[in-house]
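# Coordinate analysis (summary)
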Amino acid sequence: MQSTLNKGIANFYDESSGLWESMWGEHMHHGYYPKDAPPKSNQEAQIDMIEEVLRWAGAESATAMVDVGCGIGGSSRHIARRLGCAARGITLSPVQAARANVLAQEQGLADRVSFQVADALQQPFEDKSFDLVWSMESGEHMPDKTCFVGELARVCMPGGRIIIVTWCHRNLEEGETELKGNEKFLLDLICKAYYLPKWCSINDYKAIFRAEGLQDIKSADWSQEVAPFWGAVIKSALSTEGFNGLFKAGWTTIKV
Ligand code: SAH
């Protein structure tokens, strides 16, 4: 039985992915807009995000990647081309998985890149299957971060690399046991709009990685670099095409 959360997530992406693709293209994540960089399109900023993450993580080669929470597969296809690897992607949304496979076919990648519906917390893969484990902006949907990281570690080959790009709340100060009331209020609103369970911090993630026995753990906060993305999203939603599309996509998307 699928949980209510998973059903909500699947339905949200089933309904909204077509509109997103028509307005933004195949990547469903933030763009990377470093300070003082020359102007660029949002689509370039999204590709830059993937490239910057690969560079930051030192991921110069891979033979097999898994894209956990793959959307319509933009990261998988980009990285498969870029590193020459095979890729498997999983999403909760049947509409996304089907569309991702069509795009792989159209882009001549179907022999080594494929997508399916599956839960990141119960992945349909053997242990140690991938040398690159990639999760771009899907971790925030996971209700159990320990189980999520455990699954990423399980499917990762020894010596492989796990990359998680995800939304986190700030690290707590010493002596703090929880976020402030106004911070929690704001996060609750975002959670309701985007089908997100409870947030955690970068330090929480790092503690889980350490407990899993993962090595060479590093982290970075790119809040400033991605902030301009939200202005661009609001602008595109307010365009005539965006406005009409929202009505077609339905209430789940409009709520956001
Ligand atoms: N990584 C993609 C999509 C990000 S949107 C991109 O950058 O383009 C978030 C994705 O996470 C959606 O595809 C959603 O279906 C997926 N997701 C959320 N919870 C999931 C879960 N438990 N198992 C698998 N996929 C999940």
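Residues numbered from 1 in each chain as written. Predicted model: local features only at pLDDT ≥ 70, side-chain atom pairs only at ≥ 80, totals over all residues. Heavy atoms only, no water.

In the nomenclature of an unreviewed UniProt entry, the chain corresponds to Tocopherol O-methyltransferase, chloroplastic from the organism Coccomyxa viridis. Quoted straight from UniProt, the Pathway (unreviewed entry) entry for the chain says "Alkaloid biosynthesis." For the chain, the Sequence similarities (unreviewed entry) comment in UniProt is given as "Belongs to the class I-like SAM-binding methyltransferase superfamily. gTMT family." (UniProt positions renumbered as here; feature names shortened; annotations may be inferred.)

### Quick notes on the environment of serine 41
Inspection of the secondary structure puts serine 41 in the loop between helix H1 (4–24) and helix H2 (42–57). For the pair serine 41 and glycine 31, spaced 10 residues apart in sequence, the C-alpha to C-alpha distance is 9.3 Å. (Helix = DSSP H or I, 4+ residues; strand = E, 2+ residues; numbered from the N terminus.)

### Looking at the packing of aromatic side chains
Under the definition given, this model contains 15 aromatic pairs. Note on tryptophan 167 and tyrosine 194: the rings are 5.7 Å apart at their centroids and 80° apart in plane angle, and the pair reads as edge-to-face. Here the residue tryptophan 167 occupies a position in the loop between strand S5 (156–165) and helix H6 (181–194), and tyrosine 194 occupies one in helix H6, the gap between them amounting to 27 residues. Across the pair, tyrosine 194 and tryptophan 167 agree in class, each one buried. Through pairs of rings, three or more aromatic residues link up here, namely Phe12, Tyr13, Trp20, Trp24, Trp167, Tyr194, Tyr195, Trp199, Phe229 and Trp230. Stacked on the ring of tryptophan 56, the Lys or Arg lysine 218 has its end atom at 4.4 Å from the ring centre. (Phe/Tyr/Trp six-rings, centres within 6.5 Å; stacked < 30°, edge-to-face > 60°. Buried < 20%, exposed > 50% of the residue type's maximum accessible area, 1.4 Å probe, protein only. Lys NZ or Arg CZ within 6 Å of the ring centre and 35° of its normal.)

### What to know about the pairing of strand S2 (residues 86–91)
Sheet topology note: the strand S1 (residues 64–68)/S2 ladder contains 5 bridges and is parallel. Of the residues in S2, the one forming a bridge with aspartate 67 is glycine 89. For the crossover that starts at S1, traverses helix H3 (residues 74–83) and ends in the parallel S2, the hand is right-handed. Sheet topology places S2 next to strand S3 (residues 113–117); 5 bridges connect them, and they run parallel. Looking at S3, one finds that alanine 87 is bridged to valine 113. (Pairing = 2+ DSSP bridges. Right-handed = clockwise from strand over helix to strand, strands pointing away.)

### A few points about the site of the ligand
With respect to spatial proximity, 19 residues lie near the ligand, and among them Met28, Gly69, Gln96, Ala120 and Met136 are the closest. Glutamine 96 is positioned such that a nitrogen or oxygen atom in its side chain is 2.6 Å from an oxygen atom of the ligand. Between the ligand and the protein, one listed contact pairs a nitrogen atom with a backbone N or O atom of alanine 120 at 2.8 Å. Contact with the protein chains removes 99% of the 570 Å² of surface that the ligand exposes when unbound. Here the residues of the shell around the ligand sort into 9 nonpolar, 8 polar and 2 charged. (Near = heavy atom within 4 Å. Polar contact = N/O pair within 3.5 Å; in protein donor to acceptor, adjacent residues only side chain to side chain. Areas by Shrake-Rupley, 256 points an atom, 1.4 Å probe, with all protein chains shown as cover. Nonpolar A, V, L, I, M, F, W, Y, C, P; charged D, E, K, R; others polar.)

### A short note on the sheet that holds S3
Taken in spatial order, the 5 strands make up an open sheet running S3-S2-S1-S4-S5, and their pairing is parallel. Whereas interior strands pair on both sides, the edge strands pair on one side only; in this sheet they are S3 and S5. Each strand axis lies, on average, 15° off the axis of its neighbour in the sheet, ignoring direction. The strands touched by helix H4 (residues 94–106) within the sheet are S2 and S3, with S3 carrying the most contacts at an inclination of about 170°. (Axes fitted to C-alpha atoms, helices over the stretch in contact; angles between N-to-C directions. Contact = heavy atoms within 4.5 Å.)

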